[in-house]
Amino acid sequence: MNLIALVSNNFDAFITVVVLIMSIILFIKNTIAPELTGLLCVGIFIVTGVLSPEKALAGFGSPSLITLMGLFAVSFALFKSGALDRVRELISSESIRTPRKLISLLAFLIAPISGVVPNTPVVASLLPLIESWCERRNISPSKVLLPLSFATLLGGTLTLLGSSVNLLVSDISQQLGYGGLELFSLTSIGIPVWLIGTTYMILVSDVLLPDRGRDKEFIKNGDLNIYFTEVTIPSTSELVGQSVRNSRLQRRFDVDVLELQRNGKVILPPLADRKIEPDDRLIIRVTRADLFRLQQEHTIVLGENKTSFDGANVFSDDEGTKTFEALLPAGSTLAGASLRELRFRQRHNATVLALRRGQQTVQERLGQAVLRAGDVLLLQAPLDSIRGLQASNDLLILDQFEDDLPFLIKKPISIGIAIGMVVLPSVSNIPLVGSVLLAVIAMVACGCLRPAEIKKSIRLDVILLLGSLSCFSVAMQVTGLADLIAINLNFALNGMPLYFALVLIFVSTVILTQFISNAASVALILPVAIEFSNVLGISPSALIMLVLFGASQSFLTPMGYQTNLMVYGPGRYKFFDIAKYGAGLTLIISFTVPALIIINYR
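Here is what the cut-offs are and how they apply
- Residues numbered from 1 in each chain as written.
- Predicted model: local features only at pLDDT ≥ 70, side-chain atom pairs only at ≥ 80, totals over all residues.
- Heavy atoms only, no water.
- Axes fitted to C-alpha atoms, helices over the stretch in contact; angles between N-to-C directions.
- Helix = DSSP H or I, 4+ residues; strand = E, 2+ residues; numbered from the N terminus.
- Parallel < 35°, antiparallel > 145°, perpendicular 65-115°, else oblique.
- Left-handed = near helix turned anticlockwise from the far one by under 90°.
- Contact = heavy atoms within 4.5 Å.
- 1 Å grid on protein atoms, 1.4 Å probe; cavity = no way out; pocket = protein on both sides within 12 Å on 5 of 7 lines; lining within 4 Å.
- Points joined across faces, edges and corners; volume = space filled by probe spheres on them.
- Nonpolar A, V, L, I, M, F, W, Y, C, P; charged D, E, K, R; others polar.
- Disulfide = S-S within 2.5 Å.
- Phe/Tyr/Trp six-rings, centres within 6.5 Å; stacked < 30°, edge-to-face > 60°.
- Buried < 20%, exposed > 50% of the residue type's maximum accessible area, 1.4 Å probe, protein only.
- Salt bridge = Lys/Arg side-chain N within 4 Å of Asp/Glu carboxyl O.
- Polar contact = N/O pair within 3.5 Å; in protein donor to acceptor, adjacent residues only side chain to side chain.
- Patch = residues over 30% accessible without salt bridge, like charges linked within 9 Å, V, L, I, M, F, W, Y side chains within 5 Å.
- Areas by Shrake-Rupley, 256 points an atom, 1.4 Å probe, with all protein chains shown as cover.
- Expected span 1.5 Å × (residues − 1).

Considering the packing of helix 25 (residues 540–551) against helix 27 (residues 575–601)
Then comes step 1: In the contact formed by helix 25 and helix 27, the axes pass within 10 Å of each other and the chain directions differ by 155°. Accordingly, the angle class assigned to the pair helix 25 and helix 27 is roughly antiparallel. The element helix 25 and its partner helix 27 pack so that their crossing is right-handed. When helix 25 is examined against helix 27, the residues Ser541, Ala542, Met545, Leu546 and Phe549 are found in contact with a partner set consisting of Val593, Pro594, Ile597 and Tyr601.

In structure tokens, the structure reads:
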């Protein structure tokens, strides 16, 4: 029976194909958040009867998902206790003075940390520190930030705890009857991949990493944080009556005026000889520090605050308000809409002061600029609103607040508990999920973590996505689609040597991962890949590991993984900068991992 016959004669198979196609489109277009796409598919499978509620929702009660939830809490306690302080000291030391030395430190130190700690908070914690290092050394951030992301990706495959995708693969493997993965199941392949990747990153960094920091148009006064915003000139401003060229905007602050709006009319450059009048609205390019100073001196009023100008400092921390930066991650529901359409200020009780978008010029009014993944917003909000934004998956808060500062007295205890969490399953019969849950309780009991912080630490979007995605694999197995797709694809692998067949499967996974989330690519490819085990004469475990590593190679696009997006803006990278640096690494790993699979599983 061919695929068309099965789909036309089997209602469940037809529904499954429709859901798979729909989900791929939604994952690629990011029309709705990825976790909502997963929940939508679960709902369709249940309503149409393709899966019983028990099977469709089995992923939400899996040991792997509970392990991940506990791991979030343990990681939160580690960061709260200042567990990365020693790493920060090493980065700031006088011995680390060149990009190559810093990349070596990141590759050999940060990667192993990412083997047991989620990589997103690692990158978020180190990003401001590395930017400061670059500013002190007069080095472009583009020479070191991409290796930071790549190092955490390579480290994520050292142990089962390194990535949520690893835990999803373990969960799917368990549901398909092949058993879950052990803590160090990945290590025999992960270590060679890490060492090869590290060698590549260090050797080619000088040649393939661009130097974006020498573009004078984007680096003013040595400050790397260039924002675009809209301001109004109050009648009391000393700028009134001065030309743009002779005003203190350029004489003292070196601010670029991109557009002038007067009486509803837009005046475009050249603007140097234009005299500034009261109530003029300017779109400007400015550093964060200069924007603060101009506002404090009442030289300008931010666009959103023009009706409330009374001499107050919009950047003050009075009444518990804070000024901070937030990143739009991939999958944010805010992307694709303007601040005005989103009614951002009303919905989140937070004011957007300015926008930063890598090297691109945002020459639009702030309220009308359409947000994109990777944008950095300069926000002001009360502490309560900030906590709400921290719990959302639409924004990633990049600043650290007083309540989040390290509780240093607990650092040795939290590190000891984390080490025990990793060692215990290795020397006893205690399952990993049990060890992680015990670690969470120990963190609370020892005062490293408050009970209320457990809920705060859990990424609900990740939990919903991973819990829902396992239904794809179950549906493909139940309806026979996985078997039939494998049979129909046999012609591509028929007579092909095992090594090259594995390379083909690996590369297919890598390509799909660049366009949809790596968790989604695992859920779609894994049940089909396993069916090739008999044809290729290799164990299902080998193919499970092959897909896992393929889905973890996000070295080609900014959207490939969250940490790539996090460094994309601060590094002022262009789209193909990532592919230029990562293509060689992807190619090397594409030929290395299949060979390691054969060595370990043949």
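Section: empty space enclosed by the protein
Then comes step 1: Per the counting criterion, the structure on display carries three cavities of 30 Å³ or more.
Then comes step 2: In this structure, the largest cavity occupies an estimated 80 Å³ of space.
Then comes step 3: Lining the largest cavity are Asn119, Thr152, Leu153, Gly156, Thr157, Ser163, Val165, Asn518, Ala551, Ser552, Ser554 and Tyr561.
Then comes step 4: Residue composition of the lining of the largest cavity, grouped by class: four nonpolar, eight polar and no charged.
Then comes step 5: Empty space within the second largest cavity amounts to approximately 50 Å³.
Then comes step 6: Around the second largest cavity, the lining residues are Gly59, Ser62, Ser64, Leu65, Leu68, Ser164, Leu167, Leu168, Asp171 and Leu466.
Then comes step 7: Secondary structure elements with two or more residues in the lining of the second largest cavity: helix 5 (63–80) and helix 10 (164–175).
Then comes step 8: In terms of residue count, the dominant contributor to the lining of the second largest cavity is helix 10 (four residues).
Then comes step 9: For the lining of the second largest cavity, a count of residues per class yields five nonpolar, four polar and one charged.

So, the state of the cysteines
Then comes step 1: Scanning the entire structure with this criterion turns up zero disulfides.
Then comes step 2: As a non-bridged cysteine, cysteine 41 has cysteine 471 as the owner of its nearest cysteine sulfur, 6.1 Å distant.

Some thoughts on the packing of aromatic side chains
Then comes step 1: Following the criterion strictly, the structure yields six aromatic pairs and no others.
Then comes step 2: Measuring from centroid to centroid gives 5.3 Å for tyrosine 499 and phenylalanine 500, while their planes differ by 75°, and the two rings are edge-to-face.
Then comes step 3: Taking relative accessible area as the criterion, tyrosine 499 reaches 23% and is therefore assigned partly exposed.
Then comes step 4: Ring pairing ties together the aromatic residues Phe150, Tyr200, Phe555 and Tyr581, which thus form one cluster.

Thoughts on the environment of glycine 155
Then comes step 1: With respect to the helices, strands and loops of the structure, glycine 155 is situated in helix 9 (residues 145–155).
Then comes step 2: Judged by relative accessible area, glycine 155 falls into the buried class, the value being 0%.
Then comes step 3: Once the C-alpha coordinates of glycine 155 and glycine 190 are considered, the two residues, 35 residues apart in sequence, prove to be 7.8 Å apart.
Then comes step 4: Not counting residues up to four positions away in its chain, the partners in contact with glycine 155 are Ala111, Ser114 and Gly115.

With respect to the pattern of salt bridges
Then comes step 1: Inspection of the entire model under this criterion finds six salt bridges.
Then comes step 2: The salt bridge partner of glutamate 277 is arginine 262, with a shortest N-O separation of 3.6 Å. Taken as a pair, glutamate 277 in the loop between strand 3 (265–267) and strand 4 (281–287) and arginine 262 in strand 2 (residues 256–262) lie far apart in primary sequence, 15 residues in all.
Then comes step 3: Given the relative accessible area of 14%, arginine 262 is considered buried.
Then comes step 4: We note a salt bridge from aspartate 280 to arginine 262, for which the minimum N-O separation is 2.7 Å.

Re the side chain of serine 23
Then comes step 1: In this structure, serine 23 sits in helix 2 (residues 11–29).
Then comes step 2: Polar contacts involving the side chain of serine 23 include one to the main-chain carbonyl oxygen of leucine 20, which spans 2.7 Å.
Then comes step 3: With residues near it in sequence (within four places) discarded, serine 23 still touches Thr37, Cys41 and Phe472.

Brief notes about a nonpolar patch on the surface
Then comes step 1: Together, Ile415, Ile419, Val423 and Val427 make up an exposed nonpolar region whose accessible area comes to about 340 Å².
Then comes step 2: Along the chain, isoleucine 415 turns up in helix 17 (residues 411–427).

Considering helix 20 (residues 460–478)
Then comes step 1: Compared with an ideal rise of 1.5 Å per residue, which puts 19 residues at 27 Å, helix 20 spans 28 Å between its outermost C-alpha atoms and is within 8% of the ideal.
Then comes step 2: Burial analysis of helix 20 places 15 of its 19 residues in the buried class, the great majority of the element.
Then comes step 3: Looking one or two places after helix 20, you find glycine 480, whose phi comes out positive at around 85°.

By themselves, these are just geometric observations and shouldn't be taken as functional.
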